[in-house]
Structures are given as structure tokens and as C-alpha cells.
Amino acid sequence: MRKTIIAGNWKMNTTADEASKLATEIKARLTGFNHAELLICPPYINLAQVSKVVNKSVIKIGGQNLYYEQSGAFTGEISGQMLKSVGCDYVIVGHSERRALFGETDELINRKLKAALDSELIPILCIGEQLEDREAGLTEKVLEKQLDGSLKEFPTDWMEKIVVAYEPVWAIGTGKTATPEQAEEVHRFIRDKLSQEFGGTVAEGLTILYGGSVKPDNSDSLFAEENIDGFLIGGASLKAESFERIAHSASKES
Ligand code: 13P
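Model, not experiment: these values are computed from the prediction. (Residues numbered from 1 in each chain as written. Predicted model: local features only at pLDDT ≥ 70, side-chain atom pairs only at ≥ 80, totals over all residues. Heavy atoms only, no water.)

A. Seen up close, the nonpolar core. Within the largest apolar cluster, 65 residues are counted, with the highest numbers of intra-cluster contacts made by Ile6, Ile40, Ile190, Tyr210 and Phe231. The leading source of residues in this core is helix 9 (residues 180-198), at six residues. Each residue touching Phe231, except ones within four places of it in the same chain, is listed here: Ile5, Ile6, Ala7, Leu209, Tyr210, Val214, Ser219, Leu222, Phe223, Ile246 and Ser249. Core analysis: the next-biggest nonpolar cluster, separate from the first, contains 12 residues, Ala7, Cys41, Tyr90 and Leu209 among them. (Core = buried A, V, L, I, M, F, W, Y, C linked by side-chain atoms within 4.5 Å. Buried < 20%, exposed > 50% of the residue type's maximum accessible area, 1.4 Å probe, protein only. Helix = DSSP H or I, 4+ residues; strand = E, 2+ residues; numbered from the N terminus. Contact = heavy atoms within 4.5 Å.)

The structure is reproduced here in C-alpha cells:
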């Protein structure tokens, strides 16, 4: 059974007070919600306090990134075991902003995925094409390369422990969402490709999230697609009301 996940990536937003307030409001609005796994990913510095706020609720927390070593002289970095120690269950790996602004390569992402699994965190591997790639008809090629590089030397049982998020770069923070058909086509492609490599059972069980300008007014139609198993939400996850409304897409019959 695929798990449905509604995840909020807060990116570099929220001060300490704002993070506690937002987490408190999300928790209050979604008490007892059981139609999907609910996840919020605040900035590192707010994780410990947000963890206390959502403790014993249905809301899980995750990091937005990690380093692949567990400890040592790596100034400014955070490890998987540190994330785990403050209550994280998940970690986002290879977000397009990390790739584009901080030079993360598929090779580095591959190491980070392995480190996340070593720390018993569920990594959410992000992949996605740029607008130029799409316009040049290269979407599948780009995604294939990202998957091949990021999942290099991955045994099948590790594949059962990860989540993939398809986030077309041209749809992130632009208000320009992929249509449900466009997103579904890519999700199908990802599942088919992984099925060839890791087998049908693993691929069918894999949760594939969509991210890129998900809002309350487009989440129902996206979620209705067969291969869209939830969302990785940026901007709209910073308002408790819109996060709640998007979460409710998962509670509707499709
Ligand atoms: P937006 O929802 O703001 O487009 O961001 C998507 C995203 O990058 C989530 O990781």
C-alpha cells in the first residue's frame, strides 16, 4: 500500500516565534486527521521547538537537508543523527534549490540518501526538470539522469524506504502549476522507470509526491490522479489554513 503524504517545506522562513505559532495552529486544525501522513519541515534551527509543539500529535517533522557524515569538522552542517535526535522522521534530499543555488550534484545526493537511511530517516528525494528542458523535450531524459545518479547502487530494499517528489523547477514558487495531466504523465514515467529497475512491487508501493505551486484550489484535481500520492508544498504550507485545506484533498474520494 502506498502511503499518502502531505508535506510542508517551510524553506528559509519563520523566526522562532513564527515557527511555534504556525506549528501550533497546524496541529490544532488537523487534530485526529488520518487520511494521510502529515509532515512539516521547518528550518533546522526551529526543529527542536517545533518537535515539542507537535509531540504526540499526528504531525511528523523533517529536515530540509542533511550532510552525509554523522559528525566531525564540517562547520555549518547538520547530520542525520542530529535530525533524528530532535524527533525527525523524514528529510528532504536534493531539492532543486539545493541543486541550483548550492551546487548539489546527483553524486552528493546519492551519499546524502544513504546517510539518511543509515540514520533511519525517510528521505524525500526531489527531482525535476527546468523549463528549458521541458521546452526542448528533455524532461524524461533529465529525470532519468537524476534518478540514475541519485539512486546509484541502491539495493531494492532501500527503495522501499524512500519517497520521491517530482518538482518541476518551472512550477516552484511561480504560481505556474503543472496540470494534473502533465504531472500524472511524469509520475507514471517515474514509476515505470523504477519498476524496470527495482521491480513492479517496489515501484507500485513507492510514494511519489508532486510539488510546485500546490494550492488549495488545485490540490483536489492533482490528487485525483492515479500516480500522485500527495504533495510537497512550499508557499502554501506557511499558512495553517491553506495547509489544512490541501491536506483535505487526501480525504476526498477520487
Ligand atoms: P511552492 O509550493 O512554493 O511552489 O514550492 C514548492 C517546493 O519547492 C516544495 O519543496
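B. Representation of the packing of helix 7 (residues 139-150) against helix 9 in the model. Running from N to C, helix 7 and helix 9 point in directions that differ by 45 degrees, and their axes come no closer than 11 Å. With respect to helix 9, the element helix 7 is oriented oblique. The handedness of the crossing between helix 7 and helix 9 is right-handed. Between helix 7 and helix 9, the contacting residues are Thr139, Glu140, Leu143, Glu144, Leu147 and Asp148 on the first element and Val186, Phe189, Ile190, Lys193, Leu194 and Glu197 on the second. Considered class by class, the residues forming the contact of helix 7 with helix 9 number six nonpolar, one polar and five charged. (Axes fitted to C-alpha atoms, helices over the stretch in contact; angles between N-to-C directions. Parallel < 35°, antiparallel > 145°, perpendicular 65-115°, else oblique. Left-handed = near helix turned anticlockwise from the far one by under 90°. Nonpolar A, V, L, I, M, F, W, Y, C, P; charged D, E, K, R; others polar.)

C. Region of the structure containing the site of the ligand. Surveying the vicinity of the ligand reveals the residues Asn9, Lys11, His95, Glu167, Ala171, Ile172, Gly173, Gly212, Ser213, Leu232, Gly234 and Gly235. Glu167 places a side-chain nitrogen or oxygen 2.9 Å from an oxygen atom of the ligand. Between an oxygen atom of the ligand and a main-chain N or O atom of Gly173, the distance comes to 2.6 Å. Considering the ligand on its own, with 310 Å² of exposed area, one finds that the protein chains cover 97% of that surface. Here the residues of the shell around the ligand are counted per class, giving three nonpolar, seven polar and two charged. (Near = heavy atom within 4 Å. Polar contact = N/O pair within 3.5 Å; in protein donor to acceptor, adjacent residues only side chain to side chain. Areas by Shrake-Rupley, 256 points an atom, 1.4 Å probe, with all protein chains shown as cover.)

D. Highlighting helix 5 (residues 106-118). Relative to the 18 Å expected for 13 residues at 1.5 Å per residue, helix 5 spans 18 Å between its end C-alpha atoms, a close match to the ideal helical length. Listed in full, the buried residues belonging to helix 5 are Asp106, Ile109, Asn110, Lys112, Leu113, Ala115, Ala116 and Leu117. Those residues of helix 5 that are buried lie in contact with strand 4 (88-93), helix 4 (96-102), strand 5 (122-127), helix 7 and helix 8 (156-159). At the exit of helix 5 stands Glu120, carrying a positive phi of roughly 60 degrees. (Expected span 1.5 Å × (residues − 1).)

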